[in-house]
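# Structural features, examined
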Amino acid sequence: MPRNPLDGRGRLRVRGFESDDADGDAEAAAATTPTTDRWRRAWTRFRRDHAAVAGLAVIAVMALLAVFARPIEVSGVVVQPVALAPYDPGASGIAPAYRPPSLAHPFGTDWAGRDVFSRVLYGGRYSLSIGVIAVSLALLVGVPLGAVAGYVGGWVDETIMRLVDVLYAFPFLVLAIALVAVFGQGFWKLVGALVAVGWIGYARLIRGEVLGVSERDYVLAARALGASDRRILRRHVVPNAIAPVIVQATLNVGTVVLSAAALGFLGLGLQPGTAEWGSMLSAGRDTLVGGEWWVTVFPGLAVFLFVLSINLVGDGVRDALDPDADTDTYREAR
Amino acid sequence: MALLEVSDLDVRFYTEEGAVQAVDALSYTLDRGERLGVVGESGAGKTVTALAVLGLLDDPGRIEGGSIRFDGEELLDASPDRLRRLRGGEIGMVFQDPETALDPVYTVGEQVAEAVRVHTDREGAAAHDRAVSLLDRVGIPDPATRATQYPHEFSGGMAQRVVVAIALAGDPDLLIADEPTTGLDVTIEAQLLDLLDDLADDDLAVQLVSHDLGVVAGFCDRVVVMYAGQAVERAPVDDLFYRPKHPYTAGLLSAIPRIGDDRDRLPTIPGTTPDLASPPPGCRFHPRCPYAEDACTKRDPPLADVDGEVRHTSDSDAGGHRAACLAYVDDADFDGELDFRVEITDGVNADGEGDP
C-alpha cells in the first residue's frame, strides 16, 4: 500500500487567499516597464559618476575652446567665424619676448614674442584631434583583425597574433620614434605612427574577448539558425565583445595625446614652431633655467588636465559598461 | 519516406586522450509530424547527435561515417551553403538554456526578425510584423510590447518560448529540441510541452532530446534510448515504458521516484558511463549490467528485434521494438534471463516480462 507521509496529521487548509487577479496580470505589469537599451543604461550609470562627468565637461570645454580658438575656413569659405584666441598663434613679435603673464597676455609670451594663451588654446586642435583620430583609426585596424583572428582561428589567428607579438616586442614610444624618423614629420605621419603601434593592443584585447563570446550559446543558436559567419561575427560576436575595447580606447586617448606630446618634445612630432602642446614644451625647455616658467607651465598644464580628464572619463566608462567591476561596488559602499 | 533517416552514424572527437567515439553506429528515423524522444545519461551522445544532424559539430568533433538523409537528401554531402539554408529553414533547433541562447544586446523582436530575414524574403517592417505574430504564436502575451524588450527582461519560460519562436521563423519541418525544459520549473515545463505539443499537431516533426523520462513519456510517439554513443533500445513509447527490454532501460525506469513509493532508497545503476576514449570490450553496458555474462564482454550486441530476429541493416522498420542485448540474439552464447518486470499498480495488472 502506498504510504502518505501526511496520513494522520490532519489536512492543511488555507482560507482567505482567494484572489480574483487573473494570471496574466503579472506578465502585463512586467510588459509595461519601459525598456532601455544597454547604451542608455550605461549612460545613466555614467551620469552618476561625478568625477567622470567632470572629466567629460573639461574635455568638452577644451574641445570647444580649440574649435572656436581661431576661425575655420574650408576651401576659402569661413565655416566658423568666432576667434576666442586674442592673437594669431603663429604670429611672432606681437609683444616683446618673454613677458610674464599680464592682462594683455594672460599666459605671457614666448621667445619669439608669441602669445602663449592663444597658442595653448589653438594647440588643443592638434592634441585632441591626434588623440581621437589616432585611436579611431587604430580601432578600425585592430578590432576587425583581432575579431577575425579570434573567430576564425587556425593559421589566420597564428599569422595575425604573431605579427602582434612582434610589434609588442618593441617599446611603444621607441617604435613610434623609429617610424617618425623613417617617414618624416607631419600631422598624418605622426597619426600613422601612433596607429601603427596602437592597433595591436585592441587586436589582442578583442581576440581574447571573441574567443570567450564565440563559446556562448547564442552564437551556436545563430549558427543553428543558418546565419552566415560574417553576419554572426558582425552582429553577435563583436557587439558582445566590444565593451572592454571601448574602455581601453577611451583611456588610450590620453596615452596617445601624451605620446604625441612626448614625440613633440623630442622634436619628432609636428613641424618645429607648431602650436602643439608637446612642441611648445620642447621649444620652451631652455626657459626653465631662466625662470620664465609660464612658457612651459601652461602647455604642460593643458596636457595634464586633458589626460587627467580622459582617464576619469575612461574609468567612468568602464564602470558604466561593466557594473560588476570592483570600483563600482566600492563607490556604492561609500 | 521518412523525413529524417539517420543510419550508422559515427561521430568521433579527436582529443589528446585519443579518439572518443561519441556516437557509434546510430540509426533512427523520424516521420513527418512524429515525435521522437532521445533519452540517456549525460555524455550518451544525445546532443552530439542533434548537432551532427544540423552539421554544427565543431573541431575536434567529426562525422566519420554513416548517412543523414533529410527528406531524401544526403546531408553529409551537402554544400556549406545548402546546410546554412537548411539550418533554421527546414530544421529548427531549441537549446537547453534560453537565457544564454538569446543575444543580450538585441531586443527579442529583433532576434526573431533576424531569423525571419535570414529565411524568408521579408524585410524591415514585414519581418518585424512576422516576428510579432510568431511571438504571439508561441503564447507570449502582448507580443508587440514584449518584442521591444531585451532577453534579461524575460523569465526563463518566456525566453524559451522566444527561442521556439526563432526556431519556427523559417517554417521548419523538423524541430530539434535539446533538453528544452531542463532549466525550467515544472509548471513552466508543462506549459512549454503543451506548446510543443500544439506545434507538433501542425505536422511538425519533433526530436526531443531529454534525460527526463517523464517528459518523454508524456510527449513522444517513439523513443530511442542511448548509452555510451549507441542506441540500446528503440521502441514505441508505450512499449518502452511498459515492456522495457534492455537492462539499461529497466535500470533507468527503476531509478525514477514515484509518489507513494515506500522504498527508502532509490535503486541506481551502479558505476558510471564508460570513458568513450577506451570503451569496454563487447557490450558497452556490461560492466554495470547485473545480468552480464562472459559472452557480454566479447561481443557487441546489435540492435535486435526483441522477438529474436537479428537485423544488421538499418532498414525502415522503424515502428518495431528493438534492443541491443545479447539476450535477444539467437546465436549468442547467453544463457541467463533478464528477470526484471514492470508492475503496474493502479488496478490493471499487466506484467511485462523482460525475458525473451
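What you see is a predicted model, and the numbers here were worked out from it, not measured in a lab. (Residues numbered from 1 in each chain as written. Chains lettered and ligands numbered in written order. Predicted model: local features only at pLDDT ≥ 70, side-chain atom pairs only at ≥ 80, totals over all residues.)

Our focus in this paragraph is the overall build of chain A. Scanning chain A from terminus to terminus reveals 14 helices and two strands. Burial statistics for chain A: of 334 residues in total, 42% are counted as buried. Partitioning the intrachain contacts of chain A with sequence separation of at least 6 by distance along the chain shows that 65% fall at a separation of at least 24. (Helix = DSSP H or I, 4+ residues; strand = E, 2+ residues; numbered from the N terminus. Buried ≥ 20, exposed ≤ 12 C-beta atoms within 10 Å, placed from the backbone. Contact = placed C-beta atoms within 7 Å.)

A few words on the overall build of chain B. A tally of regular secondary structure across chain B gives eleven helices and 14 strands. Taken over the C-alpha atoms alone, chain B extends approximately 70 × 50 × 40 Å along its principal axes. Partitioning the intrachain contacts of chain B with sequence separation of at least 6 by distance along the chain shows that 64% fall at a separation of at least 24.

Here we take up the packing of helix 4 (residues 116-152) of chain A against helix 5 (residues 154-168) of chain A. All names here are of chain A. Interaxial distance between helix 4 and helix 5 falls to 7 Å at its minimum, and their mutual angle equals 145°. Along this stretch, helix 4 crosses helix 5, giving a crossing that reads as left-handed. Seen from helix 4, the contacting residues are Leu145, Val148, Ala149, Gly150 and Val152; seen from helix 5, they are Gly154, Val156, Asp157, Ile160 and Met161. Residue classes in the contact of helix 4 with helix 5 are distributed as seven nonpolar, two polar and one charged. (Axes fitted to C-alpha atoms, helices over the stretch in contact; angles between N-to-C directions. Left-handed = near helix turned anticlockwise from the far one by under 90°. Nonpolar A, V, L, I, M, F, W, Y, C, P; charged D, E, K, R; others polar.)

Moving on: the environment of B:Val329. All names here are of chain B. Topologically, Val329 is positioned in the loop between strand 12 (322-323) and strand 13 (341-342). The exposure class assigned to Val329 is buried, which follows from the 20 C-beta atoms found within 10 Å. Residues Val329 and Leu303, 26 residues apart in the sequence, show an inter-C-alpha distance of 8.9 Å.

Attention shifts here to the sheet that holds strand 11 (residues 304-305) of chain B. Residues and elements named next belong to chain B. Taken together, the eight strands give an open sheet; going across it, the order is 6-7-8-3-9-10-12-11, and neighbouring strands pair in mixed fashion. The open sheet has two free edges, formed respectively by strand 6 (91-94) and strand 11, since each of these has just one partner strand. As paired elements, strand 9 (residues 222-227) and strand 10 (residues 230-236) share six bridges and run antiparallel to each other. Across the sheet, the residue bridging to Tyr227 is Gln230, located in strand 10. Of the strands in this sheet, strand 6 and strand 7 (174-178) are in contact with helix 7 (residues 156-168), which crosses strand 6 at around 165°. (Pairing = 2+ DSSP bridges.)

All names here are of chain A. It is the contact of helix 3 (residues 50-67) with helix 13 (residues 294-321), at a shortest axis distance of 8 Å, that shows an interaxial angle of 135°. Classified by the interaxial angle, the pair formed by helix 3 and helix 13 is oblique. Considering only the axes of helix 3 and helix 13, their crossing is left-handed. Facing Ala51, Ala52, Ala54, Gly55, Leu56, Val58, Ile59 and Met62 of helix 3, the residues of helix 13 in contact are Leu305, Phe306, Ser309, Ile310, Leu312, Val313, Asp315 and Gly316. Along the lines of polarity and charge, the residues of the contact of helix 3 with helix 13 split into twelve nonpolar, three polar and one charged. (Parallel < 35°, antiparallel > 145°, perpendicular 65-115°, else oblique.)

Turning our eyes to something else, we now look at the interface of chain B and chain A. By a widespread convention, an interface's size corresponds to the accessible area lost as its parts come together. The partner chain A presents 22 residues to the 30 residues of chain B that form the contact. Contributing elements (two or more residues each) for the side of chain B that touches chain A: helix 2 (80-86), helix 3 (98-101), helix 4 (108-119) and helix 6 (143-146) of chain B. The element contributing the most residues to the side of chain B that touches chain A is helix 4 of chain B, with three residues. Residues belonging to the side of chain B that touches chain A are distributed by class as follows: 13 nonpolar, eight polar and nine charged.

This next bit is on the nonpolar core. Formed by 193 residues in total, the largest nonpolar core has its most connected members in B:Val112 and B:Val162. Here this core takes 18 residues from helix 4 of chain A, the largest share from any one element. For B:Val162, the contacting residues outside a window of four places in its chain are B:Pro98, B:Leu102, B:Val108, B:Val112, B:Leu135 and B:Phe154. (Core = buried A, V, L, I, M, F, W, Y, C linked by C-beta atoms within 7 Å.)

We now examine the sheet that holds strand 2 (residues 18-30) of chain B. Residue and element names in this part refer to chain B. With antiparallel pairing, the four strands of this open sheet are ordered in space as 2-1-4-5. Edge positions in the sheet fall to strand 2 and strand 5 (73-74), since each has one partner strand and no second. Sheet topology places strand 1 (residues 4-15) next to strand 2; nine bridges connect them, and they run antiparallel. Note that in strand 2 the partner of Val11 across the bridge is Val23.

This paragraph deals with the confidence of the model for chain B. Residue and element names in this part refer to chain B. When pLDDT is averaged across chain B, the result is 84; 92% of the residues are at 70 or more. Under a pLDDT of 50 for its full length, residues 308-316 has, in the predicted model, 14 contacts with residues more than four places off or in other chains. Here residues 347-356 is a poorly scored stretch, pLDDT under 50, and it has 23 contacts once near neighbours within four places are set aside; other chains count. (pLDDT = per-residue confidence, 0-100.)

To continue, consider the pairing of strand 9 of chain B. Residues and elements named next belong to chain B. With respect to burial, strand 9 is a largely interior element, six of its six residues being buried. Of the two faces of strand 9, both are covered, the one formed by Arg222, Val224 and Met226 as well as the one formed by Val223, Val225 and Tyr227. Between the end of strand 9 and the start of strand 10, which pair antiparallel, lie two residues, with Ala228 showing a positive phi angle near 50°.

This part is about helix 9 (residues 229-241) of chain A. Counted at 1.5 Å a residue, the expected span for helix 9 of chain A with its 13 residues is 18 Å, but the 16 Å between its end C-alpha atoms falls short. Its buried side turned inward, helix 9 of chain A meets helix 4, helix 7 (187-213) and helix 8 (217-224) of chain A. (Expected span 1.5 Å × (residues − 1).)

This next bit is on the confidence of the model for chain A. Residues and elements named next belong to chain A. A residue-level look at chain A finds 86% of positions with pLDDT of 70 or above and a mean pLDDT of 81. Element-level pLDDT for chain A is lowest in helix 14 (residues 326-333), with a mean of 44, against a maximum mean of 92 in helix 5. Within the model, the stretch residues 1-8 combines pLDDT values under 50 with four contacts to residues more than four positions away or in other chains.

Time to look at the environment of B:Arg12. Residue and element names in this part refer to chain B. With respect to the helices and strands, the residue Arg12 is situated in strand 1. The class for Arg12 is buried, based on 22 C-beta atoms found within 10 Å. Note: C-alpha distance between Arg12 and Gly282 (270 residues apart in sequence) is 19 Å. Discounting chain neighbours no more than four positions away, the residues touching Arg12 are Ala19, Val20, Gln21, Ala22, Arg62 and Glu64.

Attention now goes to the pairing of strand 8 (residues 205-210) of chain B. All names here are of chain B. Among the six residues that make up strand 8, six are buried, leaving the element largely enclosed by the rest of the structure. Burial along strand 8 is two-sided: Ala205, Gln207 and Val209 and Val206, Leu208 and Ser210, pointing in opposite directions, are all buried. Looking at chain direction, strand 3 (residues 35-39) and strand 8 are connected through five bridges and run parallel. Of the residues in strand 8, the one forming a bridge with Arg35 is Val206. Bridge count for strand 7 against strand 8 is five bridges, and the pairing is parallel. If you follow Leu175 over to strand 8, its bridge partner there is Val206. With helix 8 (residues 186-201) bridging strand 7 and the parallel strand 8, this β-α-β connection has right-handed handedness. (Right-handed = clockwise from strand over helix to strand, strands pointing away.)

Secondary-structure assignment places A:Arg285 in the loop between helix 11 (277-283) and helix 12 (287-290). Between the C-alpha atoms of A:Arg285 and A:Gln248, which are 37 residues apart in sequence, the distance is 32 Å.

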